[in-house]
Amino acid sequence: MSTIRRRSRTTDRVRRGRQPAAIARNGLRTLILSTFALFFCIPLIWLVLATTKNGYQLVEDAPLGLGSWSQLVRNWKGLTAFSGGAFGGWFRHSVEYAFGALLIVLLVDIPAGYGLAISRLRVRRPLLLLTLLVMLIPSNALVLPLYLEIYHAHLIGNPLSVILPFSFFPFGVYLAYIYFSTALPPDLLAAARVDGCSELQVFLRIAVPLAKPVIALVAFFSFVSNWNNYFLPLVMLPNSDGYPLQVGLTILPRGSTILALGTLISAVPVLSVFLVSQRYLVRGLTAGSSTD
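Here, residues in each chain are numbered from 1, in the same order as that chain's written sequence. Thresholds applied to this predicted model are a pLDDT of at least 70 for local features of residues and 80 or more for the giving and counting of side-chain atom pairs; totals over whole chains, interfaces and linings are not thresholded and use all residues. As a rule here, side-chain values come from all non-hydrogen atoms in the structure, and water together with hydrogens is ignored.

### Digging into the overall build of the protein
Inclusion rule: Helix and strand assignments follow DSSP, with helices taken as H or I runs no shorter than four residues and strands as E runs no shorter than two, numbered in order from the N terminus. Burial classes follow relative accessibility: with a 1.4 Å probe on protein chains only, a residue under 20% of its type's maximum area counts as buried, one over 50% as exposed, and anything between as partly exposed. Note on definitions: a residue-residue contact is assigned when non-hydrogen atoms from the two residues lie within 4.5 Å. Accessibility throughout is a Shrake-Rupley quantity obtained with a 1.4 Å probe, and a residue counts as covered only by protein chains that appear here.
From N to C terminus, the protein includes 14 helices and zero strands. Overall, the protein shows an N-to-C arrangement of helices and strands of α-α-α-α-α-α-α-α-α-α-α-α-α-α. Expressed as a percentage of its 292 residues, the buried residues of the protein come to 34%. The long-range share in the protein, meaning contacts at least 24 apart out of those at least 6 apart in sequence, stands at 74%. Entry remark: accessible area of the protein is about 18,000 Å², with carbon and sulfur atoms responsible for 66%.

### Quick word on the pattern of salt bridges
What counts is decided by this rule: Definition used for salt bridges: Asp or Glu carboxyl oxygen within 4 Å of a side-chain nitrogen of Lys or Arg.
Inspection of every chain in the model, using the stated rule, returns one salt bridge. Residue Glu 199 pairs with Arg 193 through a salt bridge whose shortest N-O separation is 2.5 Å. Residue Glu 199 is classed as partly exposed on the basis of its relative accessible area of 41%. By relative accessible area, Arg 193 is classed as partly exposed at 32%.

### Quick word on the packing of aromatic side chains
Applicable threshold: Here a pair means two rings of Phe, Tyr or Trp (six-membered ring of Trp) with centres within 6.5 Å. Their orientation is stacked below 30 degrees between planes, edge-to-face above 60, and tilted elsewhere.
On inspection of all chains with the given rule, the structure shows 14 aromatic pairs. Look at Phe 223 and Trp 227: their rings are 5.6 Å apart centre to centre, the planes differ by 25°, and that puts the pair in the stacked class. Of this pair, Phe 223 and Trp 227 both sit in helix α11 (residues 212-227), four residues apart, roughly one helical turn. By relative accessible area, Phe 223 is classed as buried at 1%. Put simply, the rings of Phe 169, Phe 171, Phe 220, Phe 221 and Phe 274 touch in pairs and so form one group of aromatic residues.

### Side note on unusual backbone geometry
Residue Ser 83 is not a glycine yet carries a positive backbone phi of 50°. Mapped onto the secondary structure, Ser 83 falls in the loop between α3 (69-81) and α4 (86-118). For Ser 83, a relative accessible area of 56% translates into the label exposed. Backbone geometry places His 154, a non-glycine residue, at a positive phi of 60°. Positionally, His 154 belongs in the loop between α6 (143-152) and α7 (160-166).

### Considerations on the packing of helix α10 (residues 199-210) against α11
Operational definition: Axis definition: a line fitted to C-alpha atoms, over the contacting stretch in the case of helices. Angles run 0 to 180 degrees between N-to-C directions. By the definition adopted for this analysis, an angle is roughly parallel if under 35 degrees, roughly antiparallel if over 145, roughly perpendicular if from 65 to 115, and oblique otherwise. Each residue gets one of three labels, nonpolar for Ala, Val, Leu, Ile, Met, Phe, Trp, Tyr, Cys and Pro, charged for Asp, Glu, Lys and Arg, and polar for the others, Gly among them.
At their nearest, the axes of α10 and α11 sit 5 Å apart, and the two run at 65° to each other. Taken together, the axis directions place α10 and α11 in an arrangement best described as roughly perpendicular. Judged by residue contacts, Val 208, Pro 209 and Leu 210 of α10 engage Lys 212, Pro 213 and Ile 215 from α11. In the contact of α10 with α11, the residues fall into five nonpolar, no polar and one charged.

### Some remarks on α11
The α-helix winds at 3.6 residues per turn, so residues separated by three or four positions along the chain end up facing the same way. Stated formally: Given a helix with a known number of residues, its expected span is that number minus one, times 1.5 Å.
The terminal C-alpha atoms of α11 lie 22 Å apart, and with 16 residues this matches the ideal 22 Å at 1.5 Å per residue to within 8%. Of the positions making up α11, those classed as buried are Pro 213, Val 214, Ala 216, Leu 217, Val 218, Ala 219, Phe 220, Ser 222, Phe 223, Val 224, Asn 226 and Trp 227.

### Some points on the environment of Val 108
Tracing the chain through its elements places Val 108 in helix α4. Taking relative accessible area as the criterion, Val 108 reaches 45% and is therefore assigned partly exposed. Distance from Val 108 to Phe 168, taken between C-alpha atoms, is 9.3 Å for residues 60 residues apart in sequence.

### Digging into the environment of Thr 51
Formally: Pairing of N or O atoms within 3.5 Å defines a polar contact, subject to two protein rules: one partner must be a possible hydrogen donor and the other a possible acceptor, and residues neighboring in sequence count only if both atoms are side-chain atoms.
Following the sequence through the fold, Thr 51 ends up in the loop between α1 (2-50) and α2 (55-60). The exposure class assigned to Thr 51 is buried, which follows from its relative accessible area of 3%. For Thr 51 and Thr 257, which are 206 residues apart along the polypeptide, the C-alpha to C-alpha distance reads 5.6 Å. If we skip the residues at most four places from it in the chain, Thr 51 touches Gln 71, Leu 72, Asn 75, Ala 260, Leu 261 and Leu 264. A distance of 2.6 Å separates a polar atom in the side chain of Thr 51 from the backbone oxygen of Val 48.

### Quick word on the nonpolar core
Heads up, the condition is: Put simply, a nonpolar core is a bunch of buried Ala, Val, Leu, Ile, Met, Phe, Trp, Tyr and Cys residues held in one set by side-chain atoms that sit within 4.5 Å of each other.
Core analysis: the biggest nonpolar cluster contains 55 residues, and Trp 90, Tyr 114, Phe 180 and Leu 252 have the highest contact counts within it. Counting residues per element, this core draws most heavily on α4, at eleven residues.

### Notes on the side chain of Gln 71
Looking at the element boundaries, Gln 71 is found in helix α3. Within the structure, the side chain of Gln 71 is placed 2.9 Å from the side chain of Arg 74, a separation counted as a polar contact.

### Considering a nonpolar patch on the surface
Under the convention used in this document: Each patch is built from residues lacking any salt bridge and having more than 30% relative accessible area; the joining distance is 9 Å for like charges and 5 Å for nonpolar side chains (Val, Leu, Ile, Met, Phe, Trp, Tyr).
Where nonpolar side chains cluster on the molecular surface, the patch consists of Leu 28, Leu 31, Ile 32, Phe 36, Phe 39 and Phe 40 and spans about 680 Å² of accessible area. Position of Leu 31 relative to the elements: it lies in helix α1. Overall, Leu 31 belongs to the exposed group, its relative accessible area being 53%.

Limitation: the analysis is restricted to geometry and does not speak to function.
In structure tokens form, the structure reads like this:
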């Protein structure tokens, strides 16, 4: 019994000795995380508050000072009335381009990733290497070749001149390949084939329902990339009639509160898509983290 008590007292002393170190580590971790949180949150807070001010208040008042609700309403009216209601058209074009390209991406990338995952053809490895190689090329470096292709197809200024390049998303193919090759049980596919399912039925009835996480992941990355794309629409669209939101914002008066409001509104769709799909995003990101 005395030995047990001595061991218990020794364990208690060791625990008490570790407590200050643990408290110090937790305090340092909290300080670092709080610093990064403030670094990212303060500009967003400033942007939100800027929409409640006028031009004079934006310059003279405290950066994080609150304006008024009436000024926010005036800023909204000024934004929607700018250039005959151009902002509404820019927003509509962004939705058309981003979601039109997203539909094509999902229809192409998910089956392509599935095919690469289950295929045993000799060209499988070269196709994977080609996909990885294309992923390494900066997207801006492809704008000129894409422009020449679209020009010779006589589509410059057409919505397809933006939607078709947006639909080129090799990263989505690679994500789908990783998911299907690691998270999809081969025995389940084999059982479906034994039961008489064709390859198309196996894909639609087995693979697709199980692939909701990676579909959400591909959709999110594709949508965010296309929604925030500035350079390609600027090159493909010769006039402002077809501009998406990111290009149209550059036409708004610089340093104005309506520009701040327009910028804030442009972030709402991305935030909405993230909130809707976040449950699947986490599963999609971790699906291929381990294999049996």
